[in-house]
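Coordinates in review
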Amino acid sequence: MISPRQWAVLGIMLLTLAGCQGAAPGDSPAEADSPGSVWVLLPDSATSDRWETDDRRFFEQAFQELGVDYTITNAEGDARAQQTQAEQAITAGAKVLLMVSLDAGSGAAIVAMAREAGIAIVDYDRLTIQGPGADVYVSFDNVMVGRTMGLVLEPLINDLPGTPHVVLLNGGTTDHNATLYRQGYYEVAAPYFERGAWVLTADQEVPQWDNQQALLLFEQILTRDPEVSVVFAANDGLASSVIAGFRNAGIDPGEAGILISGQDATVGGIQNIMAGDQTMTVYKPLKQEVYAAAEVAVRLMNGEPIDDLTGGRTIFNGTNEIPFVALEPIGVTAQNIAQTVIADGFRSWDELCVGEFERYCPADR
Amino acid sequence: MRTSEHKPSIRTQNQRLGGLGAFFPWLQTEEVSPLSVITGSVLIVIIFGLLEPRFLSERNFVNLILQMSGVFTTAIGVVFVLLIAEIDLSIAYVGAVGSVTMTLLLREGASDWPWWLAVPVALMVTTLIGLLQGTIITKARAPSFVVTLAGLLVSSGVVLILTTQFSTAGTLVIQDPVVLGIANSYLPATWSWIVTIFSLVVFSVSLLLRRQSRVRQGLAVSPLGLSVAQIMMMGLAAGGAVWYANRDRGVPVVAIISLVLLVFWSFVANQTHFGRYVYAVGANPEAARRAGIDVDRVRILVFMISSFMAGVGGIILASRLRSVDTNTGGGNLLLNAIAAAIIGGTSLFGGRGRVYNALFGALIIASVENGMGLLGLPSGIKIVINGIVLLVAVLGDALSRSTRNNSNLVS
């Protein structure tokens, strides 16, 4: 005989099973009708200042203007956290994911997750080079970024006396973009290395773009070869570590005519350019990149074509050709600061002209 | 009590170390570690010196001093925490909170505080974090691992908030010349010699005075010739280092700062009641409590020391980089500081270790990084080698502990 207690347990189990059936995901009519949202998966706050200080605010502006529901998350450098955030996005009804992948493996996994859930996924700024790839890739032409560094520095390097000793200080290679930047400036420099016109002292990556590590690595490179006169630093943070490294060795990069590149047009980078310590930086109008990505996301959400945005351009991710919305980077030197980053409102004289940098600013600003 | 016929042979420290044990009295104490770190350091110098002669150059020597300073000062605090058999995982990011606070206060055109206000306030902030963590650990009886892990997360979040809130680029440049001078200035040659000779005199006097007081109390004391030899060795080492450094940029000011802190905290650990309490709590907290030691207070103070020294380390690192950014406190600092204390000979299980362990441990870690950087090794290989060095150091310590145990009659 089944005791009353056993009946009760059986009853509870049956009720629970019934309840589960009713709550199966995707069944509720409300979900099928909702327009869905866009989720932005930012990578971290550490490798570059841009994600939290620029990308976030521009995305908020863009999505508000386009009238789209959005959520912006940051994985803080943890690939597993990013996968969890992707899962949360899918559960919350996201129709489009804009992902800045942390590395190829986890990026490919999230792409697979999105495909399985039937939602669109956009590679934002970083290309996922494993697996079949995302639906669209929106970024600056990162090889062009590196090439810009090379093209701006090339005539200056050739003007240096003697045989210039060149250092390539690259970003960490878990960031595929770092590989593309290096490709760009190496393209410009390679013929000179082969001819022996320039000497390649070091081709060093800085894991995780860590500035403290970069300082240590560059100090050692400088110890090995005190005659370094050119440094292709992959971003402004690395450039500032290079400058600190020179200073610690008793060399003033500005006075010694050292040529240093950079990227991101951060406040520190522009200040170093104004002071003559850094030669140039690459300004990527982030607002353009964000707005382009937001536009792509909305088009994908509505099932509209994006050919006019890509211009038919694709990029090979190792397996497939991915439609590529490519944006143009801009080289910034001391001569064109006002016309580029100031004119765009990306940087302001107020934030640049602080303390010892005041004297480099134009009087009428 | 063992009753078997086979009695384990008593091998004293002296016999195992041969003559060295007689020559260096402190090797006769519990820790054999000084020998293994010294051997390790010599090995590293030889290997890297052969692979890349520039490793032995004056310039690289000064580089090394600068590069180890941050880890060294942080590791001093770690030694205290390890001595009471706890762990502090928050040190790197607490140090970052300190350096970011200092940088924010120093900002020209904004708060514009002078350095002699900004630096102490920053250190107070970090010490208060240590007080908070210590209090939670003792009063709530929560494991230090978890509490300091929470401290790590909260501090890293605070760093992020502060750097992005007060700047549009996340990087805050340090312009104050004194703060920049902490890690970037050098003693003029004459001063470096004055400081060295002065310190040697103080060291010799204190050594001899301590010897005198031991004689007066009828305790065993090493022969006078030995103490003189110790002083001479110390003089040679210090003089050699100063001479070598002066051939390049000079003795870095940060080295003096770190050494002063080393001497101060060594004094606290070895010559004060509080220091004795720390060792007692680490060896056996229950026995310490019954002996009347306020164990909770000792614990809280130790975590405050750890966070304070983390703050000093953070400020030194910020001074080196001349800025703070959203990534400050990240990287390998936490791992390296703890590894430095352990490689130097501090036990993870409490009660054993000396403050100077931080010096040797940081020296080894920094010289391996320095040497590998000079060789231009790819990052993957460097990480593997770092891991192997740590493993070898820990194995060495574990082995020496087991042989030490085997030499006990009563198990």
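Given the structure is predicted, the values throughout are model-derived calculations rather than measurements.

The helix and strand inventory of chain A stands at 14 helices and 13 strands. With respect to the principal axes defined by its C-alpha atoms, chain A has extents near 100 × 45 × 40 Å. In chain A, which comprises 365 residues, the share counted as buried stands at 48%. Residue pairs at least 24 apart in sequence account for 72% of intrachain contacts in chain A once pairs closer than 6 positions are excluded.

Secondary structure summary: chain B contains 17 helices and two strands in total. Sorting the 411 residues of chain B into buried and exposed places 43% on the buried side. Relative to all contacts within chain B whose residues are 6 or more apart in sequence, the contacts with residues 24 or more apart total 77%.

Attention now goes to the pairing of strand E12 (residues 321–327) of chain A. Residue and element names in this part refer to chain A. Relative to E12, strand E5 (residues 136–140) is paired through four bridges, and the arrangement is parallel. Considered in E12, the bridge of serine 139 is made with alanine 326. Looking at chain direction, strand E11 (residues 314–316) and E12 are connected through three bridges and run antiparallel. When the bridges of E12 are listed, isoleucine 315 appears paired with isoleucine 322. From the end of E11 to the start of E12, which pair antiparallel, there are four residues, and glycine 318 there has a positive phi angle of about 110°.

Formed by 151 residues in total, the largest nonpolar core has its most connected members in A:Leu169, B:Ala75, B:Ala358 and B:Ala362. Dropping the residues within four chain positions of it, A:Leu169 is found in contact with A:Gln204, A:Val206, A:Ala214, A:Phe218, A:Val231, A:Phe232, A:Ala233, A:Ala234, A:Leu238 and A:Val242. Grouped together as the second largest cluster of nonpolar side chains are 46 residues, A:Trp51, A:Ala89, A:Ile110 and A:Leu286 included.

So, on to the environment of A:Gly257. Residues and elements named next belong to chain A. Structurally, glycine 257 can be placed in the loop between helix H9 (236–248) and strand E9 (259–260). Classification of glycine 257 as partly exposed rests on a count of 15 C-beta atoms within 10 Å. Residues glycine 257 and tyrosine 181 lie 76 residues apart in sequence; the distance between their C-alpha atoms is 24 Å.

As a further point, take the interface of chain A and chain B. With 35 residues of chain A at the contact, the number on the chain B side is 35 residues. Those elements that provide at least two residues to the side of chain A that touches chain B are helix H3 (50–66), strand E7 (199–205), helix H8 (211–224), H9 and helix H10 (267–274) of chain A.

Residue and element names in this part refer to chain A. One open sheet holds the seven strands; their spatial order is E2-E1-E3-E4-E5-E12-E11, and the pairing between them is mixed. In this open sheet, the two edge strands, each paired with only one partner strand, are strand E2 (70–74) and E11. Averaged over all pairs of adjacent strands, the angle between strand axes in this sheet comes to 25°, irrespective of strand direction. Inspection of the sheet shows strand E4 (residues 120–124) paired to E5 by three bridges, in the parallel sense. Bridge pairing in E5 places aspartate 123 opposite tyrosine 137.

Residue and element names in this part refer to chain A. The first and last C-alpha atoms of helix H4 (residues 79–91) sit 19 Å apart over 13 residues, in line with the 18 Å expected at 1.5 Å per residue. Of all the residues in H4, the buried ones are Gln82, Gln85, Ala86, Ala89 and Ile90. End-on, the buried residues of H4 take up no more than an arc of 140°, which puts them together on one face. More than 90 degrees from the buried face of H4, the exposed residues found are Arg80 and Thr91. Where H4 terminates, the next one or two residues include glycine 93, which has phi positive at roughly 95°.

Their axes nearest at 10 Å, the elements H8(A) and helix H14 (residues 295–321) of chain B cross at an angle of 60°. Considering the angle they form, H8(A) stands oblique to H14(B). Helix-helix and strand crossings are classified by hand; for H8(A) and H14(B) the assignment is left-handed. Only B:Leu317, B:Arg320 and B:Leu321 of H14(B) make contact with H8(A), whose side of the interface consists of A:Asn211, A:Gln212 and A:Leu215. Its residues placed into classes, the contact of H8(A) with H14(B) shows three nonpolar, two polar and one charged.

Residue and element names in this part refer to chain A. Taken in spatial order, the four strands of this open sheet run E7-E6-E8-E9, and their pairing is parallel. In the strand order of this sheet, the two ends are held by E7 and E9, each with one partner. Where strand E8 (residues 228–233) and E9 come together, two bridges link them in parallel fashion. Note on E9: the bridge partner recorded for valine 230 is leucine 259. With respect to the sheet, H9 is in contact with strand E6 (165–170), E8 and E9, its orientation differing from that of E8 by roughly 160°.

The first and last C-alpha atoms of helix H5 (residues 91–106) of chain B sit 22 Å apart over 16 residues, in line with the 22 Å expected at 1.5 Å per residue. Counting buried positions over the 16 residues of H5(B) gives 16, a clear majority of the element.

Here the focus is the confidence of the model for chain A. Summary statistics for chain A give a mean pLDDT of 88 and a share of 93% for residues scoring 70 or more. Segment residues 20–33 of chain A: pLDDT under 50, and two contacts once partners within four positions in sequence are set aside and those in other chains are kept.

Turning our attention to the domain arrangement of chain A. Residues and elements named next belong to chain A. Entries for chain A in the domain assignment read domain 1 (31–140 + 286–327) and domain 2 (142–284 + 330–360). Placing the centre of domain 1 and that of domain 2 at their C-alpha centroids yields a distance of 29 Å. Across the boundary between the two partners, domain 1 contributes 15 residues, which contact 13 residues of domain 2. Broken down by secondary-structure element, the contributors of at least two residues to the side of domain 1 that touches domain 2 are E5 and helix H11 (286–302).

Basis of the calculations
Position numbers for residues start from 1 in each chain and track the written sequence from start to end. Chains carry letters and ligands carry numbers; both start at the beginning, A for chains and 1 for ligands, and go up in the order they are written. Totals for whole chains, interfaces and linings use every residue, but because this is a predicted model, local features are given only for residues with pLDDT of at least 70 and side-chain atom pairs only at 80 or more, for both listing and counting. Each helix is a run of DSSP H or I of at least 4 residues and each strand a run of E of at least 2, with the numbering of both proceeding from the N terminus. Exposure in this text rests on C-beta crowding, where 20 or more other C-beta atoms within 10 Å of a residue's own make it buried, 12 or fewer make it exposed, and counts in between make it partly exposed. The C-beta atoms are placed from the backbone. A pair of residues counts as a contact when their C-beta atoms, built from backbone coordinates, are within 7 Å of each other. By this definition, two strands are paired if DSSP reports at least two bridges between them. Working definition: the nonpolar core is a set of buried Ala, Val, Leu, Ile, Met, Phe, Trp, Tyr and Cys residues, joined through C-beta atoms within 7 Å. All axes here are fitted lines through C-alpha atoms, helices being fitted over the stretch that makes contact, and every angle between N-to-C directions spans 0 to 180 degrees. What a helix should span is 1.5 Å times the count of its residues minus one. The directions from the helix axis to the C-beta atoms form the arc being described. By the definition adopted for this analysis, an angle is roughly parallel if under 35 degrees, roughly antiparallel if over 145, roughly perpendicular if from 65 to 115, and oblique otherwise. For any helix crossing, the convention is left-handed if the near helix is rotated counterclockwise from the far helix by under a right angle, and right-handed if that rotation is clockwise. The classification used treats Ala, Val, Leu, Ile, Met, Phe, Trp, Tyr, Cys and Pro as nonpolar, Asp, Glu, Lys and Arg as charged, and all other residues, Gly among them, as polar. Values of pLDDT, which run from 0 to 100, indicate the predictor's confidence residue by residue. Each domain span listed reflects an automatic or database assignment of domains.

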